[in-house]
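Chain and residue survey
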Protein chains: 4
Amino acid sequence: MKEIVKKMLKERGVTIEDMANLVYELQKDYADISIETAIFNIEKVLSKREVQNAILTGIQLDILAEKNLLKEPLLSMIKKDEPLYGIDEILALSITNVYGSIGFTNYGYIDKMKFGIIGKLDKLGKTTDRVNTFLDDLVGGIVAAACARITHSNKE
Amino acid sequence: MKEIVKKMLKERGVTIEDMANLVYELQKDYADISIETAIFNIEKVLSKREVQNAILTGIQLDILAEKNLLKEPLLSMIKKDEPLYGIDEILALSITNVYGSIGFTNYGYIDKMKFGIIGKLDKLGKTTDRVNTFLDDLVGGIVAAACARITHSNKE
Amino acid sequence: MKEIVKKMLKERGVTIEDMANLVYELQKDYADISIETAIFNIEKVLSKREVQNAILTGIQLDILAEKNLLKEPLLSMIKKDEPLYGIDEILALSITNVYGSIGFTNYGYIDKMKFGIIGKLDKLGKTTDRVNTFLDDLVGGIVAAACARITHSNKE
Amino acid sequence: MKEIVKKMLKERGVTIEDMANLVYELQKDYADISIETAIFNIEKVLSKREVQNAILTGIQLDILAEKNLLKEPLLSMIKKDEPLYGIDEILALSITNVYGSIGFTNYGYIDKMKFGIIGKLDKLGKTTDRVNTFLDDLVGGIVAAACARITHSNKE
Ligand SMILES: [Ca+2]
Ligand SMILES: [Ca+2]
Ligand SMILES: [Ca+2]
Ligand SMILES: [Ca+2]
């Protein structure tokens, strides 16, 4: 299942390295961390079943919206990344939750600052036919969970 | 939006009355409640935007699974109501959350006991081509939220 | 930390065996399970840092309420297990969350049915000076998390 | 209850205006907003029972930690604002949840950036005997919920 999820992320334009870079940038001031450690922790997050379920479901909804295969009014809400539609945030939170509440604030911060790959996904979603309404939040959730995992590893 | 959601629930076999009956059964020993009060509270729950988003998304996924329009392995997980797939519970919880944490336990109880309409949906999901993987949890979430709303109204 | 948490639970009247019995009763119809497996899974849940934090915080609030060391109106809300006070449910959910959303429904079910040790705690809370407002939910959360862990182990 | 909560916040150094200023700064680029609107929305958030419960519980734990009235190891975790202790984030999230998942990202952003009153609380917590481990997250949650409420009001 993990390989399917990694392939799906890649097809939507997100590599393990993209996510590891974000983890590295967010953690370098707090922990003695290398890109390899960041990659290792992203891999660990992606091996969790709850995380896989959220990614499979969210990316599927993005793809179906892109192909106009959802019914209205859901279709327009997802295509426009409507501010009152929060199911993308809910799925992201279910990812972050995997290593407990300490990942919440990282997720929110990443989402607002639109660093690295997240800014790129957001821009693609706004300027092309690509729908990334779920994907940017999923990636933010994965990165936040990896940061939480690193904090747990270092402190325990 | 609320009318669209009510129509969608009805098309999937769930009426306001079905849900109000569950609310009445769950609350009659704790509160002085009529079917009318139960209906009123279900209507209030359905007018919340978060609730509408969860219903639109969940029922859409059930319908797409029925039509085999989801990609594997997501398709099989939703069609079989796979125990390790918990996105349906997550959407239900986002509904229950609308009136705070006091609705959580009602949701779990309803879901396990499979009272009334929930038992009916579950049976249809298991014995026919109908996919109700999300719907039964959504209905449980709506009923639990209505119960929480009644508790808030009576105590405050 | 885990040993402190186990000691604290025991001082409040809850043993690993009490919780394992509940896990066994809930799972015996779904899985080939022994009391030893149930104990093993309870131990795994108790080794999670998020779980320990919730237990330490919840039991501390119960004890402080018992000794009248909380300020009003919080004191009365916790002493009376006031229905609109849901922080106990929130802590329980943070425990259940450790193995994902599939534990939610078990928690709600356990909480309502008041099986075994949970019924005993509830009765003590209602008929003696003992305050178990948090403890019954914490125990329900631990048991539900252990059941979710067993489901994950069996299916993956 | 609301007046008690407002008085408690004030005694811990947080006024409605402090929180309204944060709301204004966060929303001014997205909405036509005045300080009066910000105050109105903070007041609305504070009138929710779930929010009041979280504030009463969190501030109580800060005060008890300040007075060394909690047992170890909980006492040290709260006094030091230990990174692996996430119950403060959990209470903040229960506040933000009141207007749905759209407030999550604002909460994380506010918490990381330590704007205005939050930076002040954080500094006091780190440089004096004052314990603000819960308070900074509670305030971040209240502000994020008020922002979510404004978004709902403007779009619906
Ligand atoms: Ca999004
Ligand atoms: Ca289901
Ligand atoms: Ca309780
Ligand atoms: Ca804090």
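Residues numbered from 1 in each chain as written. Chains lettered and ligands numbered in written order. Predicted model: local features only at pLDDT ≥ 70, side-chain atom pairs only at ≥ 80, totals over all residues. Heavy atoms only, no water.

Where an unreviewed UniProt entry is consulted, chain A appears under the name Phosphatidylglycerophosphatase A, with the organism given as Caloranaerobacter azorensis DSM 13643.

1. Things to note about the overall build of chain A
We apply this condition: Starting at the N terminus, helices and strands are each numbered in turn, a helix being any DSSP run of H or I of at least four residues and a strand any DSSP run of E of at least two. Using C-alpha atoms as the atom set, the radius of gyration is obtained and then compared with a globule rule of 2.2 Å times the number of residues to the power 0.38. Any residue under 20% of the maximum accessible area for its type is buried, any over 50% is exposed, and the rest in between are partly exposed; the area is computed with a 1.4 Å probe on protein chains only. By the convention used here, residues are in contact when the closest approach between their heavy atoms is within 4.5 Å. Here, Shrake-Rupley sampling with a 1.4 Å probe gives the accessible areas, and only protein chains in the shown set may cover a residue. Note on charges: Lys and Arg go in the positive column, Asp and Glu in the negative column, and His and the chain ends are not counted at all. The location of each charge is read from NZ of Lys, CZ of Arg, CG of Asp or CD of Glu.
Within chain A, the secondary structure is distributed over nine helices and zero strands. Reading the helices (α) and strands (β) of chain A from amino to carboxyl end gives α-α-α-α-α-α-α-α-α. At 15 Å, chain A has a C-alpha radius of gyration in line with the 15 Å of a compact globule built from 156 residues. By principal-axis analysis of the C-alpha atoms, chain A measures approximately 50 × 30 × 25 Å. Each of the 156 residues in chain A was classed as buried or not, and the buried ones make up 63%. Counted over contacts in chain A with a minimum sequence separation of 6, partners at least 24 positions apart contribute 72%. Carbon and sulfur atoms make up 50% of the accessible area of chain A, which amounts to about 5900 Å² in all. The averaged location of the 23 negative side-chain charges in chain A is 3 Å from the averaged location of its 21 positive side-chain charges.

2. Regarding the interface of chain B and chain D
Cut-off, in case you're wondering: In this description, buried area is defined as the sum, over both parts, of the accessible area (probe of 1.4 Å) that is lost when the two are combined. Salt bridges are counted wherever a side-chain nitrogen of Lys or Arg sits within 4 Å of a carboxyl oxygen of Asp or Glu. For the purposes of these results, a polar contact is taken to be a pair of N or O atoms within 3.5 Å, where, inside protein, one atom must be able to donate a hydrogen and its partner to accept one; residues adjacent in sequence count only when each atom of the pair is a side-chain atom.
Chain B puts nine residues into the contact, and the matching count from chain D is nine residues. The contact between chain B and chain D buries some 710 Å² in all, and 40% of this surface belongs to carbon and sulfur atoms. Summed over the shared surface of chain B and chain D, the result is zero salt bridges. Where chain B packs against chain D, one counts two residue pairs in polar contact (both at pLDDT 80 or more).

3. Concerning the coordination of the calcium ion (ligand 2)
Residues and elements named next belong to chain B. What counts, and what does not: Atoms of type N, O and S within 2.8 Å of a metal are treated as its donors, and for Na, K and Ca the window is 3.2 Å; water is not considered, so some sites may appear to be missing partners.
Coordination of the calcium ion (ligand 2) by the protein involves D88 (OD), T133 (O), D136 (OD) and D137 (OD), with metal-donor separations of 2.2 to 3.0 Å. Going along the chain, you hit the donors of the calcium ion (ligand 2) in the pattern D-x44-T-x2-D-D. The two residues T133 and D136 agree in class, both being buried.

4. Here we look at the environment of D:E25
Residue and element names in this part refer to chain D. Here E25 lies in helix α2 (residues 16-27). Distance from E25 to A38, taken between C-alpha atoms, is 9.8 Å for residues 13 residues apart in sequence. Looking at E25, its side chain comes within polar contact range of the side chain of K28, at 2.9 Å.

5. Observations regarding the relation of the copies chain A and chain B
Put simply, the rule is: Least squares is the method used to superpose the copies, on C-alpha atoms of residues holding a pLDDT of at least 70 in both.
Turning chain A through 180° and shifting it by 0.0 Å along the axis lays it on chain B, with an RMSD of 0.0 Å. When the rotation and shift are considered jointly, the pair of chain copies conforms to a two-fold rotation axis. Of every C-alpha in chain A, the one belonging to A:I90 sits nearest the axis of rotation, 3.9 Å from it. Looking at the interface residues of chain A, 100% of them are also at the interface in chain B, so both copies use one shared face.

6. Observations regarding the coordination of the calcium ion (ligand 1)
All names here are of chain A. Those protein atoms acting as donors to the calcium ion (ligand 1) are D88 (OD), T133 (O), D136 (OD) and D137 (OD), and they sit at 2.2 to 3.0 Å. Between consecutive donor residues of the calcium ion (ligand 1), the sequence gaps follow D-x44-T-x2-D-D. Of the two residues, D88 is situated in helix α6 (residues 87-96) and D137 in helix α9 (residues 135-155); the sequence distance between them amounts to 49 residues. Judged by its relative accessible area of 2%, D88 falls in the buried class.

7. Quick word on the interface of chain A and chain B
This is how it is decided: Gly falls in the polar group here, along with every residue not listed as nonpolar (Ala, Val, Leu, Ile, Met, Phe, Trp, Tyr, Cys, Pro) or charged (Asp, Glu, Lys, Arg).
Contact residues are listed per partner, giving 26 residues for chain A and 26 residues for chain B. Taking both partners together, chain A and chain B bury about 2300 Å²; carbon and sulfur atoms supply 70% of that area. The largest per-residue losses of area from chain A upon contact with chain B belong to A:R49, A:Q60 and A:K71, which jointly make up 20% of the total buried on that side. The interface formed by chain A and chain B holds zero salt bridges in total. The tally of links from chain A across to chain B stands at six residue pairs in polar contact (both at pLDDT 80 or more). Elements supplying a minimum of two residues to the side of chain A that touches chain B: α4 (49-66), α5 (74-79) and α6 of chain A. The element that contributes the greatest number of residues to the side of chain A that touches chain B is α4(A), accounting for ten residues. A class-by-class count of the residues in the side of chain A that touches chain B yields 17 nonpolar, five polar and four charged.

8. Re the relation of the copies chain B and chain D
For these two chains of identical sequence, chain B goes onto chain D by a turn of 180° and a shift of 0.0 Å along the axis, with RMSD 0.0 Å. Here 100% of the contact residues of chain B are again contact residues in chain D; the copies associate through an equivalent surface.

9. Some thoughts on the pattern of salt bridges
When the charged atoms of two side chains with opposite charge come close together, those side chains can pair. Under the counting rule described, the total for this entry stands at 33 salt bridges over all chains. Across the pair C:E25 and C:K28 runs a salt bridge whose closest N-O atoms are separated by 2.9 Å. Here C:E25 falls in the partly exposed class, since its relative accessible area comes to 45%. For D:D122, the salt bridge goes to D:K126, with nearest N and O atoms at 3.1 Å.

10. With respect to the environment of C:V23
Residues and elements named next belong to chain C. Mapping V23 onto the fold places it in helix α2 (residues 16-27). Measuring from C-alpha to C-alpha, the distance between V23 and Q52 comes to 19 Å, with 29 residues separating the pair along the chain. In this view, V23 contacts I33, A38, I42, V143, A146, C147 and I150; residues no more than four positions away in its chain are not counted.

11. Thoughts on the environment of D:T128
All names here are of chain D. You can see T128 is positioned in the loop between α8 (116-127) and α9 (135-155). For the pair T128 and G140, spaced twelve residues apart in the sequence, the C-alpha separation amounts to 21 Å. At a separation of 2.6 Å, a polar atom in the side chain of T128 contacts the main-chain carbonyl oxygen of L124. Side-chain polar atoms of T128 contact the backbone nitrogen of R130, separated by 3.1 Å.

12. As for helix α7 (residues 104-113) of chain C
Counting buried positions along α7(C) gives eight out of ten residues, so the element sits mostly inside the fold. Restricting attention to buried positions, one finds in α7(C) the residues C:F104, C:T105, C:N106, C:Y107, C:G108, C:Y109, C:I110 and C:D111. The inward-facing, buried residues of α7(C) abut α6 (87-96) and α7 (104-113) of chain B together with α2, α6 (87-96), α8 (116-127) and α9 (135-155) of chain C. Positive backbone phi, at 50°, marks C:K114, one or two positions downstream of α7(C).

13. Description of the UniProt feature "domain: YutG/PgpA" (unreviewed entry) in chain A
This is how the line gets drawn: UniProt positions are given in the numbering used here, feature names are shortened, and annotations may be inferred rather than shown by experiment.
UniProt records the feature "domain: YutG/PgpA" (unreviewed entry) for residues 23-151 of chain A in the present numbering. With 70% helix and 0% strand, residues 23-151 of chain A has its two end C-alpha atoms placed 12 Å apart.

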